[in-house]
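Listed here are the chains, written in short residue letters.
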Amino acid sequence: MIDLLIVDDEPLIRSGLVGALSQFPYLRVVGEADNGDTGIDAVRHHAPDVVLMDVRMPGRDGLSATEELAADPSFTGAVLVLTTFDSDDYVYRAMHVGARGFLLKRWPIAKIAEAISIAAAGDSVVFPDSLARVVAEHGAPPRRSTGEIERVLTPREQVVLTQIAAGKSNSEVAEALHVTVETVKSQVSSVLLKLGARDRTQAVIRAFETGFIDPR
C-alpha cells in the first residue's frame, strides 16, 4: 500500500484526485493540505510515501515546501510536483530542490497512478519530452557540450545517462545494453555519485544544462 498526501489550494482538485486515485487498490490517501505550510505539517503527521505537491499556492508555495522536505532527513518519502503546464518555471526549480518528478494535472489518472508507483519505489519520474521542454525554456543550456559530463563519466556511464534521459527504466537499459539489471543499477548509482545528483531527474537536468544532451 502506498500512502499519499495531496497538497493543493483548490478543493475541487483535491477531491477529484482523492476520488480518482482511490480506485487503485494499492493507493491510499492519508491526508490533504491547502498550502506549503499545512502540507509540511501534514507530512510530519502522516509520514506519507508520496506527496503530490501543487507548485502555485497562496501563502507558502510548493517550491519552498519541497525544498524543506528534501532537506529534512526524517522525511523518507518522495515529492511529485503537480502543475497545469509543462513549461512552468516552478517545475524547473522544483527539480533542483529535490522533487522526484512532476505530474501534469491534465494527464490520465492511470498515468498519474503509474508515476506515483514509480516514485514510491524510489525511482524518479522522468518524462523526457516534458522535462526537456522545461529545461530548454528555463535552463538556458549551452549550444555545445561544456565537456563536464565527458570528464567525469566513463563512456559506458555516458551511454547509461543518455538512456536515462530517454526515459528508460533500469530493465529497459539493461536490455538495450545487453547487461544485467544489477549492472545497470550499479552504473546508475555511479553516475549519480559522480554528478552529485540526488536522483535520476537531477542527473538528466545536469545532462541538459551542460549541453551533453540537447533538450531542443
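Shown above is the structure to which this text applies.
Just so you know, these numbers come straight off a predicted model, no measurement behind them. (Residues numbered from 1 in each chain as written. Predicted model: local features only at pLDDT ≥ 70, side-chain atom pairs only at ≥ 80, totals over all residues. Heavy atoms only, no water.)

Caption draft 1: Here's a closer look at the packing of helix H9 (residues 170-177) against helix H10 (residues 181-195). Close contact between H9 and H10 brings their axes to 8 Å; oriented N to C, the two are set at 110 degrees. Judged by the inter-axis angle, H9 sits roughly perpendicular to H10. Every residue of H10 that contacts H9 at Asn170, Ser171, Val173 and Ala174 is listed here: Val181, Val184, Lys185 and Val188. Of the residues contributing to the contact of H9 with H10, the split by class is 5 nonpolar, 2 polar and 1 charged. (Axes fitted to C-alpha atoms, helices over the stretch in contact; angles between N-to-C directions. Helix = DSSP H or I, 4+ residues; strand = E, 2+ residues; numbered from the N terminus. Parallel < 35°, antiparallel > 145°, perpendicular 65-115°, else oblique. Contact = heavy atoms within 4.5 Å. Nonpolar A, V, L, I, M, F, W, Y, C, P; charged D, E, K, R; others polar.)

Caption draft 2: Fine view of the packing of aromatic side chains. The tally for this structure, following the rule as stated, stands at 1 aromatic pair. The side chain of Lys111 reaches across the aromatic face of Trp107, ending 4.3 Å from its centre. (Phe/Tyr/Trp six-rings, centres within 6.5 Å; stacked < 30°, edge-to-face > 60°. Lys NZ or Arg CZ within 6 Å of the ring centre and 35° of its normal.)

Caption draft 3: The arrangement of the pattern of salt bridges in detail. The full count for this structure, using the stated rule, is 11 salt bridges. Salt-bridge contacts for Glu68 lead to Arg44; the nearest nitrogen and oxygen are separated by 3.0 Å. Residue Glu68 is found in helix H3 (residues 62-71), and its partner Arg44 is found in helix H2 (residues 36-46); the two are separated by 24 residues along the sequence. Put simply, Asp37, Arg44, Arg60, Glu68 and Asp72 are held in one network by salt bridges that share partners. (Salt bridge = Lys/Arg side-chain N within 4 Å of Asp/Glu carboxyl O.)

Caption draft 4: Summary view of the sheet that holds strand S5 (residues 101-104). Strands sit in the order S2-S1-S3-S4-S5 across an open sheet of 5 strands; the sheet is parallel. One side of each edge strand has no neighbouring strand; the edge strands of this open sheet are strand S2 (27-33) and S5. Neighbour-to-neighbour, the strand axes of this sheet turn through a mean angle of 25 degrees, independent of strand direction. Judged from the 4 bridges that link them, strand S1 (residues 2-7) and strand S3 (residues 50-54) form a sheet pairing that is parallel. Each bridged residue has a counterpart across the sheet, and for Leu5 the counterpart in S3 is Val51. Against the sheet, helix H1 (residues 11-21) touches S1, S2, S3 and strand S4 (78-83), its axis set at about 170 degrees to S2. The sheet strands contacting H3 are S3 and S4, and the helix crosses S3 at an angle near 150 degrees. (Pairing = 2+ DSSP bridges.)

Caption draft 5: Local environment of the nonpolar core. With 45 residues, the main nonpolar core has Leu21, Leu52 and Ile116 as its most contacted residues. If sequence neighbours within four positions are ignored, Leu52 has contacts with Leu5, Ile6, Val7, Leu21, Leu80, Leu82, Leu103 and Ile116. (Core = buried A, V, L, I, M, F, W, Y, C linked by side-chain atoms within 4.5 Å. Buried < 20%, exposed > 50% of the residue type's maximum accessible area, 1.4 Å probe, protein only.)

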